[in-house]
Amino acid sequence: MLSLSKFAVITGLFVSVACHAGALPQPKIYKFVDAEGRVSYTDRPAHDGYVKLEKTWKGWVDPGQTFAYRENKRKYQDLIVSAAKEYDVPFWLISAVIHAESLYNPQARSSAGAIGLMQLMPGTAKRYGVWNRQDPAQNIDGGVRYLKDLLVMFDGDLTLALAGYNAGENAVKKYGNRVPPYNETQHYVRKVSDLSQKYKSQSI
């Protein structure tokens, strides 16, 4: 069984290696909280009390204790479908971005200041008239409009649009319309691309 500190180190090493190798299998990590509040992690649960953690590009998330992932996924589907039709952006792409960004948690906040389902930064929210980034409808509308603009800006190149969504369009332009050499951005593009394929086939 892994201690919290050892788990953090091992996870960090795995992410670092995976970003460069790209072919390592994704581990399955489980979390258990005992009656006294002690938390333990393992890749081999000893009993049914362990909860399987969900892997997002930002790290491991406990959907059972932080928010209702599957319930929220169903709850916001109509908003995603509506935005997809209004802005002509594929449903599977929007779903993949939301999954990677927040795992469908409308209260999600990043250390960089991004908020909501599509993790809008203050500048992006202002640009698209989103005054309440925690409101699912506003957040999805602003995020999808930004995705649409990026797709138009980069002539429909999905890879560059995703890189722009993560690092900003100026970063993509700075590197000659290529994915910036940032580990986070490169990992993000791979993650969302993989999720997109799963949403296309509805195997997620």
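Everything below is about the structure shown above.
If you're wondering where the values come from, they're calculated on a predicted model, not measured in any experiment.

The helix and strand tally for the chain stands at 10 helices and five strands. In the chain, which comprises 204 residues, the proportion classed as buried is 45%. For the chain, long-range pairs separated by at least 24 residues make up 42% of all intrachain contacts whose partners lie at least 6 apart in sequence. Of the roughly 11000 Å² that the chain leaves accessible, carbon and sulfur atoms contribute 51%.

Among the nonpolar cores identified, the biggest contains 39 residues, and V97, M118 and Y165 are the most heavily contacted of them. Elements supplying a minimum of two residues to this core: α4 (77-87), α5 (91-102), α7 (136-153), α8 (158-167) and α10 (183-200). In this view, V97 contacts M118, L147, L162, Y165, Y188 and V192; residues no more than four positions away in its chain are not counted.

With seven of 10 residues buried, α8 lies mostly within the body of the structure. Among all positions in α8, only L160, A161, L162, A163, G164, Y165 and N166 are buried. Elements that come into contact with the buried residues of α8 comprise α5, α7, α9 (169-174) and α10. Where α8 ends, the next residue or the one after it, G168, has phi of about 100°, a positive value.

This paragraph deals with the environment of P122. Summarising the element assignment, P122 is placed in helix α6 (residues 122-127). The exposure class of P122 is partly exposed, given its relative accessible area of 44%. Sequence separation between P122 and R133 is 11 residues; the distance between their C-alpha atoms is 8.4 Å. What P122 contacts, discounting residues up to four positions off in sequence, is G113 and R133.

Among all positions in α4, only I80, A83, A84 and Y87 are buried. Seen end-on, α4 carries its buried residues on one side only, within an arc spanning 105°. Exposed residues lying more than 90 degrees from the buried face of α4 are D78, K85 and E86. In this fold, the buried residues of α4 make contact with α5 and α7. Directly after α4, the chain includes D88, whose backbone phi takes a positive value near 55°.

For Q138, the position within the fold is in helix α7. We classify Q138 as buried; its relative accessible area is 17%. Those residues in contact with Q138 that sit more than four places away from it in its chain are V130, W131 and N132.

Here the focus is the packing of α5 against α10. Two numbers describe how α5 lies on α10: the axes approach to 8 Å, and their chain directions differ by 130°. One element, α5, and the other, α10, form an angle in the oblique class. Relative to α10, α5 is oriented so that their crossing is right-handed. In this structure, α5 uses W92, L93, S95, A96, V97, H99, A100 and E101 to contact α10, whose residues at the interface are Y188, K191, V192, L195, S196, Y199 and K200. Residue composition of the contact of α5 with α10, by class: nine nonpolar, three polar and three charged.

The next point concerns the packing of α7 against α8. Direction vectors running N to C along α7 and α8 enclose 130°, while the axes themselves pass 9 Å from each other. As summarised for this structure, α7 and α8 are arranged oblique, according to the angle between their axes. Helix-helix and strand crossings are classified by hand; for α7 and α8 the assignment is right-handed. On α8, the residues touching G143, Y146, L147, L150 and L151 of α7 are L158, A161, G164 and Y165. In terms of residue class, the contact of α7 with α8 is built from seven nonpolar, two polar and no charged.

Scoring rules and cut-offs
Residues numbered from 1 in each chain as written. Predicted model: local features only at pLDDT ≥ 70, side-chain atom pairs only at ≥ 80, totals over all residues. Heavy atoms only, no water. Helix = DSSP H or I, 4+ residues; strand = E, 2+ residues; numbered from the N terminus. Buried < 20%, exposed > 50% of the residue type's maximum accessible area, 1.4 Å probe, protein only. Contact = heavy atoms within 4.5 Å. Areas by Shrake-Rupley, 256 points an atom, 1.4 Å probe, with all protein chains shown as cover. Core = buried A, V, L, I, M, F, W, Y, C linked by side-chain atoms within 4.5 Å. Arc of directions from axis to C-beta. Axes fitted to C-alpha atoms, helices over the stretch in contact; angles between N-to-C directions. Parallel < 35°, antiparallel > 145°, perpendicular 65-115°, else oblique. Left-handed = near helix turned anticlockwise from the far one by under 90°. Nonpolar A, V, L, I, M, F, W, Y, C, P; charged D, E, K, R; others polar.

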